[in-house]
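A structural walkthrough
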Number of protein chains: 2
Amino acid sequence: MSLTNSTPCCSENDQHHNQNVVVQPLLTDLYQITMAYSYWLSGKQNDVAGFDLYFRKNPFQGEFTIFAGLEECVKYLKKFHFSDSDIEYLRTVLPKHTHPGFFDYLKEMNVNSVTMWAIDEGTVVFPKVPLIMVEGPLPIVQLLETCFLNLVNYASLVATNAVRFRLAAGPDMTLFEFGLRRAQGPDGGMSASRYCYMGGFDGTSNVLAGKLYDIPVQGTHAHAFVNSFINFESLKYRQLKKKDSDEMVDFLELCLKWQDTLSNEFGFLKDQVSEGELAAFCSYAISFPDAFLALIDTYDVVKSGLPNFCAVALALHEIGYIPKGVRLDSGDLAYLSHTSRKMFQVVAEKFNIPMFAKLTIVASNDINEDTIHSLNQQTHQINCYGIGTHLVTCQKQPALGCVFKLVEINGIPRIKLSEEPEKISIPGKKCAYRLFGADDIALVDVLMRDNENPPKAEERVFCRHPFQETKRAYVMPTRVEPLYKVYWKNGKVQQNLPTLREMREKTISSLCHIRQDHKRALQPSPYKVAVSAKLYTFMHNLWLDNAPVGELS
Amino acid sequence: MSLTNSTPCCSENDQHHNQNVVVQPLLTDLYQITMAYSYWLSGKQNDVAGFDLYFRKNPFQGEFTIFAGLEECVKYLKKFHFSDSDIEYLRTVLPKHTHPGFFDYLKEMNVNSVTMWAIDEGTVVFPKVPLIMVEGPLPIVQLLETCFLNLVNYASLVATNAVRFRLAAGPDMTLFEFGLRRAQGPDGGMSASRYCYMGGFDGTSNVLAGKLYDIPVQGTHAHAFVNSFINFESLKYRQLKKKDSDEMVDFLELCLKWQDTLSNEFGFLKDQVSEGELAAFCSYAISFPDAFLALIDTYDVVKSGLPNFCAVALALHEIGYIPKGVRLDSGDLAYLSHTSRKMFQVVAEKFNIPMFAKLTIVASNDINEDTIHSLNQQTHQINCYGIGTHLVTCQKQPALGCVFKLVEINGIPRIKLSEEPEKISIPGKKCAYRLFGADDIALVDVLMRDNENPPKAEERVFCRHPFQETKRAYVMPTRVEPLYKVYWKNGKVQQNLPTLREMREKTISSLCHIRQDHKRALQPSPYKVAVSAKLYTFMHNLWLDNAPVGELS
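Residues numbered from 1 in each chain as written. Chains lettered and ligands numbered in written order. Predicted model: local features only at pLDDT ≥ 70, side-chain atom pairs only at ≥ 80, totals over all residues. Heavy atoms only, no water.

What about the UniProt feature "domain: Nicotinate phosphoribosyltransferase N-terminal" (unreviewed entry) in chain A?
The sites that carry the UniProt feature "domain: Nicotinate phosphoribosyltransferase N-terminal" (unreviewed entry) are, in the present numbering, residues 26-153 of chain A. Annotation note: span residues 26-153 of chain A, helix share 44%, strand share 16%, distance between end C-alpha atoms 18 Å. (UniProt positions renumbered as here; feature names shortened; annotations may be inferred. Helix = DSSP H or I, 4+ residues; strand = E, 2+ residues; numbered from the N terminus.)

Next comes the structure, spelled out in structure tokens:
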């Protein structure tokens, strides 16, 4: 088993994150192997190549992206090694005349001579600015492509999606990720939970993600729970201890007393209330008297769910517990949340229980970013969203198009041409800086050649649009932040990797420095990514040298 | 580590499929655990519950779905066990007053008393007909929900998507899945490769999927490969052995000779041809002389890629090798495929090499189902598609909405009501049969109560629409196929699980029995799913008993 690939020095924490044993060198496209063979056979195995990993367009018609997945890339490097069984398999895949020396080469292959620079995970990032830059022997760096893209693409996409949900819902809304059952398999679910938390969610329903990633977990009960209680006979255990006392009460009896009271006060019809639902709520309250949150739409929210919830919540309150609230999973969420809140307020006033007016209302029915904007417009009384399908599948755009492009070989810059300027790669080894202006708000990211002097605070920087020659501007930054750090060199991780919580804080703080108009959902304005004058000239000369000259005919 | 959870009796093959160690009882929504506690505390832990796993709507605006993921569910059952560290974690999540007996209950929990019936994996399936039916102790069966849904939803979705691509492309097209870099993480990529193959693809670029699932793998080279060759200096090794001989030739020289010939014959300009590209093609041909397939759009397909390819292919041919063809990864695929084919035909005729006219043309640029239909309309000369993003992310609909509904408890049928009839569950324990008519084409799936006599061939069966009372029909089947088999009982797998290749054959043969109009892309007609008269009456009586009576006011 490939677990033997993991480095023995892994900490307990590492092992948790590395549960997915399929992250290994063979998790790649076959063409990486065939290219490696061709490089090796052509005597190019020690060519020094530089590759940039970047994307060309922000997802979701937005103007920002959150970089995620770096830690997974670092861990992939840490255990990069072709096992004997990998080599045996490759012998069966490659042609039989393949030079046997190539398999020895693969067997000995390691990433000690690879250097990786990257932007910190959790940083807000923009098109064209490399997220990761890798330098090292051509066949080895090329082999990293597929896995790096796989690890970065979905992680960044779903983290960005989570941030968009957070921005739509506002800072006071509680957000839980409920997407495990709709994710692309088990690991898709684990990644979704991890990166949604990083993107500002408050937690997940995914228990394993809670255990392995130390994310808060949340959950109450399903419709099936309610449906499994047919009547009061289904409730075999009915006792509940008073809070802070040893006295037991017949809790069902107490609930029925409150049901009578509510029926008399508010005139709801007891024959319209589901007995099974009340039994289920009783059972749940007895199990979780300090955390009673009930799903109230199994039968009819207004005629059954709300009266039953209030009866049980008032019973709990009578014996010293504080109920939590309700969850709505169908119907008109704006209307039902207002109806529920109104009922809670009336009960609060009638029985002089102020906390009742502030009970939590959770909504969780097929919510997407647009639903949240629409609910905001309609006004609602929801305190918490549980979000699944649209969040984890990134329905609005299910893939981020990161690419991994060769930018330099043996010190010679390489450019990938295209008829669409946005698809042209920016050649050579580079640095990048984020320039901040007044109030520490980011103004522009500027890419420079790696031998240029970095920009300085309070000194004018000349910034050019990478492709449009007339678009130029002087920028006077109040602060300059270099975007890259060395993350891997000489076979070792070069930075302390942050915890998931630290990455979450990084995401939140990084977003604080980005202007609101780049972050808004409707027609956001693009953030500027510029190149230095030197890089502009360097790149355009190379472009001219390489672009074919047309024929007029 | 949770690997200790896997049963020691796993075969080598099992271990391969079970690489993903996150498939374990904790991979679930927290509410399954909180419900389990409440069931346990309410004395319902031995209630016998029946749950159905089904979907309500076919994906992709289609009228069929392929059932996949069953084997993963079976394997999940095989290793279902809460580890000590799981229990320790749950102690920290559940309230501190949680009864300690519950943790002992979880510790001892197993699925020996669970029975699972299912349709064979790879079968064409339709809305409302359960894919899986589970019976057993309420808390245990409830706990299976999230993982079952996770394992079935994406697997079935992507298998169905693959079938749709196959139907669009036709049986003669070669189809390769190239989606690893865009999948939802590593495991998403592995699942995509597995289930696309099952859905009728010919293979994948994903090497690990090739190794673990025995799927044919395919790959050649990338743009970066071409770009890494600057000129002929980059090509350090230029020798190639003649086929079936020990004589070495200077292969670059031979290619340059053919370049001259082609330039003279067809008048292309040698200064418009990329030298680096020719060097790259030479290198690749030297490495894979029997499998030379070149990516020809790095610079300019017509001015550089095609002439370079032809020069190298003709050189290979001269010394006894048979070149394979080209790959197009950008531009107008219909036009470029025609241009390429035309060139191959002209070369074939000019030099009297008939095989040259039949060279393979692979296309691989952001292809989706609609692109294939559009290319079919335009006519094209493509022989093979490499498909990534749209296939694996299922862009058209990134989630299948399988649900897991309680249908019976302690022998009492349960119905989940909704104002939308299609959301109403079909209660009680059931059987299902597929009735076939002339030419062995499926006519209808009929659900029956489990105590009914099964339909018989050549005997009239009365079929009713589950919700619309006037829609009824007599069906005279020529053949009747029971849809369910027991897959899990008494703690053991009850069927020989088919290999992936067998499931792939099952998918293909199952589709053969489905009428064309259900499978077409444009306005397909719905396949009929019916209930027996007994089930209709049973279900509607229960519906009436449970639905609230409105108030006219």
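Still more to cover.
Observations concerning the relation of the copies chain A and chain B
Rotating chain A by 180° about the axis while translating it 0.0 Å along that axis superimposes it on chain B, leaving an RMSD of 0.0 Å. In short, the pair behaves as if placed about a two-fold rotation axis. Comparing contact sets, 100% of the residues at the interface of chain A also lie at the interface in chain B, consistent with an isologous, same-surface contact. (Least-squares fit on C-alpha atoms with pLDDT ≥ 70 in both. Contact = heavy atoms within 4.5 Å.)

Notes on the sheet that holds strand β20 (residues 479-482) of chain B
Residues and elements named next belong to chain B. Taken together, six strands build an open sheet; the order of strands is β19-β18-β23-β17-β16-β20 and the sheet is mixed. Every interior strand has two partners, whereas the edge strands, β19 (472-475) and β20, have only one. Neighbouring strand axes in the sheet, compared pairwise and without regard to direction, differ in orientation by 35° on average. Against the sheet, helix α18 (residues 533-546) engages β16 (430-436), β17 (442-449), β18 (461-464) and β23 (528-532), with an angle of about 80° to β23. (Pairing = 2+ DSSP bridges. Axes fitted to C-alpha atoms, helices over the stretch in contact; angles between N-to-C directions.)

Things to note about helix α12 (residues 301-318) of chain B
Among the 18 residues of α12(B), 14 are classified as buried, and the element is accordingly described as predominantly covered. At the exit of α12(B) stands Gly320(B), carrying a positive phi of roughly 100°. (Buried < 20%, exposed > 50% of the residue type's maximum accessible area, 1.4 Å probe, protein only.)

Looking at the domain arrangement of chain A
Residues and elements named next belong to chain A. With domains assigned, chain A is organised as domain 1 (2-165 + 397-546) and domain 2 (166-393). For domain 1 versus domain 2, the separation of C-alpha centres amounts to 43 Å. With 30 residues of domain 1 at the interface, the matching set in domain 2 holds 33 residues. Of all residues in domain 1, Phe165, Leu500 and Arg504 bury the most surface against domain 2, accounting for 32% of the area lost on that side. At the boundary of domain 1 and domain 2, one finds four salt bridges. (Domains from an automatic or database assignment. Buried area = accessible area lost by both parts, 1.4 Å probe. Salt bridge = Lys/Arg side-chain N within 4 Å of Asp/Glu carboxyl O.)

Remarks on the side chain of Asn161(A)
Residues and elements named next belong to chain A. Looking at where asparagine 161 falls in the secondary structure, it is placed in helix α6 (residues 138-169). What makes asparagine 161 buried here is its relative accessible area of 3%. Within the structure, the side chain of asparagine 161 is placed 3.0 Å from the backbone oxygen of leucine 391, a separation counted as a polar contact. Discounting residues that sit within four places of it in the chain, asparagine 161 has contacts with Phe60, His390, Leu391 and Cys394. (Polar contact = N/O pair within 3.5 Å; in protein donor to acceptor, adjacent residues only side chain to side chain.)

Here we look at the packing of aromatic side chains
Tallied over the entire structure, the rule returns 49 aromatic pairs over all chains. Three or more aromatic residues link up through ring pairs in this structure, and these residues are Tyr37(A), Tyr39(A), Trp40(A), Phe102(A), Phe103(A), Tyr105(A), Phe225(B), Phe229(B), Tyr284(B) and Phe288(B). We note Arg464(A) situated over the ring of Tyr536(A); from NZ or CZ to the ring centre the distance is 3.6 Å. We note Arg479(B) situated over the ring of Phe436(B); from NZ or CZ to the ring centre the distance is 3.9 Å. (Phe/Tyr/Trp six-rings, centres within 6.5 Å; stacked < 30°, edge-to-face > 60°. Lys NZ or Arg CZ within 6 Å of the ring centre and 35° of its normal.)

Focus: the sheet that holds strand β12 (residues 360-363) of chain B
Residue and element names in this part refer to chain B. Spatial ordering of the open sheet is given by β7-β6-β13-β12-β11-β10, a layout of six strands whose pairing is parallel. Either end of the sheet is taken by a strand with one partner, and the two such strands are β7 (203-204) and β10 (293-295). As paired elements, strand β6 (residues 174-177) and β7 share two bridges and run parallel to each other. Bridge assignment links phenylalanine 176 to a residue of β7, and that residue is glycine 203.

Examining the pattern of salt bridges
Counted by the stated rule, this structure contains 58 salt bridges over all chains. One salt bridge connects Arg181(B) with Glu145(A), and the closest N-O pair in it is separated by 3.3 Å. Pair noted here: Arg181(B) is in the loop between β6 and α7 (185-198) and Glu145(A) is in helix α6, and the two residues belong to different chains. Residue Glu145(A) is classed as buried on the basis of its relative accessible area of 5%. Among the ionic pairs, Arg194(B) bridges to Glu71(B), the shortest N-O distance being 3.0 Å. Placement of the pair is Arg194(B) in helix α7 and Glu71(B) in helix α3 (residues 70-78), with a sequence separation of 123 residues. Comparing Arg194(B) with Glu71(B) shows no difference in burial state: the two are buried. Counted as one network, the salt bridges with shared partners bring together Arg164(A), Glu369(A), Asp370(A) and Lys396(A).

Some remarks on the environment of Asp104(A)
Counting through the fold element by element, Asp104(A) comes out in helix α5 (residues 100-108). With a relative accessible area of 48%, Asp104(A) lands in the partly exposed category.

A word on the pairing of strand β13 (residues 384-387) of chain B
Residue and element names in this part refer to chain B. Side chains Cys384 and Gly386 project from β13 onto one buried face, and the interleaved Tyr385 and Ile387 project onto a second face that is buried too. When β6 meets β13, the two strands line up parallel, connected through four bridges. Residue threonine 174 lies in a different strand from β13, and its bridge partner there is cysteine 384. Strand direction decides the pairing type here: β12 and β13, joined by two bridges, are parallel. Paired with valine 362 across the bridge in β13 is cysteine 384. A crossover connection joins β12 to the parallel β13 through helix α14 (residues 369-378); in handedness this β-α-β unit is right-handed. (Right-handed = clockwise from strand over helix to strand, strands pointing away.)

Overview of the interface of chain A and chain B
A common measure of how large an interface is: the accessible area buried when the components associate. Chain A puts 113 residues into the contact, and the matching count from chain B is 113 residues. Across the interface of chain A and chain B, roughly 9700 Å² is buried in total on both sides, 58% from carbon and sulfur atoms. In this structure, the connection of chain A to chain B is made through eight salt bridges. A salt bridge links Arg181(B) to Asp29(A), with the shortest nitrogen-to-oxygen separation between them at 3.0 Å. The element best represented in the side of chain A that touches chain B is helix α2 (residues 30-41) of chain A, accounting for 10 residues.

What about helix α11 (residues 275-287) of chain A?
Quick reminder: α-helices carry 3.6 residues per turn. Residues three or four places apart thus point the same way. For α11(A), with 13 residues, the first-to-last C-alpha span of 18 Å sits near the 18 Å given by 1.5 Å per residue. Of all 13 residues in α11(A), 12 are buried, a share of seventy percent or more. Considered for burial, the residues of α11(A) that qualify are Gly276(A), Glu277(A), Leu278(A), Ala279(A), Ala280(A), Phe281(A), Cys282(A), Ser283(A), Tyr284(A), Ala285(A), Ile286(A) and Ser287(A). Turning to α11(A), the residues buried within the fold contact α9 (223-227), β8 (239-241), α10 (251-266), β10 (293-295) and α12 (301-318) of chain A together with α2 (30-41) of chain B. (Expected span 1.5 Å × (residues − 1).)

With respect to the nonpolar core
Membership of the largest hydrophobic core comes to 367 residues, with the highest contact counts inside it found for Ile132(A), Phe251(A), Ile132(B) and Phe251(B). Among all residues touching Ile132(B), those that are not within four sequence positions of it are Phe51(B), Asp52(B), Leu53(B), Phe67(B), Leu70(B), Cys73(B), Met116(B), Trp117(B), Ala118(B), Phe148(B) and Val152(B). (Core = buried A, V, L, I, M, F, W, Y, C linked by side-chain atoms within 4.5 Å.)

Re the packing of α6(A) against helix α14 (residues 369-378) of chain A
Residues and elements named next belong to chain A. Axis separation between α6 and α14 bottoms out at 9 Å; the angle between their running directions is 5°. Of the possible angle classes, the one that applies to α6 and α14 is roughly parallel. Contact residues: Arg164, Phe165, Ala168 and Ala169 in α6; Glu369, Ile372, His373 and Asn376 in α14. (Parallel < 35°, antiparallel > 145°, perpendicular 65-115°, else oblique.)

Notes on the packing of α2(B) against helix α5 (residues 100-108) of chain B
All names here are of chain B. The contact between α2 and α5 brings their axes to 10 Å, and the two run at 110°. Relative to α5, the element α2 is oriented roughly perpendicular. In this structure, the crossing between α2 and α5 has a hand that is right-handed. Packed against α2, whose contacting residues are Ile33, Ala36, Tyr37 and Trp40, the element α5 presents Gly101, Phe102 and Tyr105 at the interface. For the contact of α2 with α5, the per-class residue count stands at six nonpolar, one polar and no charged. (Left-handed = near helix turned anticlockwise from the far one by under 90°. Nonpolar A, V, L, I, M, F, W, Y, C, P; charged D, E, K, R; others polar.)

Re the environment of Phe176(A)
Residues and elements named next belong to chain A. Tracing the chain through its elements places phenylalanine 176 in strand β6 (residues 174-177). Given the relative accessible area of 6%, phenylalanine 176 is considered buried. Considered as a pair, phenylalanine 176 and cysteine 431 are 255 residues apart in the sequence and their alpha carbons are 38 Å apart. Setting aside chain neighbours within four positions, we find phenylalanine 176 in contact with Phe201, Asp202, Gly203, Thr204, Pro216, Gln218, Cys384, Tyr385, Gly386 and Ile387.

Examining unusual backbone geometry
Despite not being glycine, Asp366(A) shows a phi value in the positive range, around 55°. Considering the arrangement of structural elements, one finds Asp366(A) in the loop between β12 (360-363) and α14. Here the phi dihedral of Asn352(B) falls at roughly 55°; this positive angle occurs in a residue that is not glycine.

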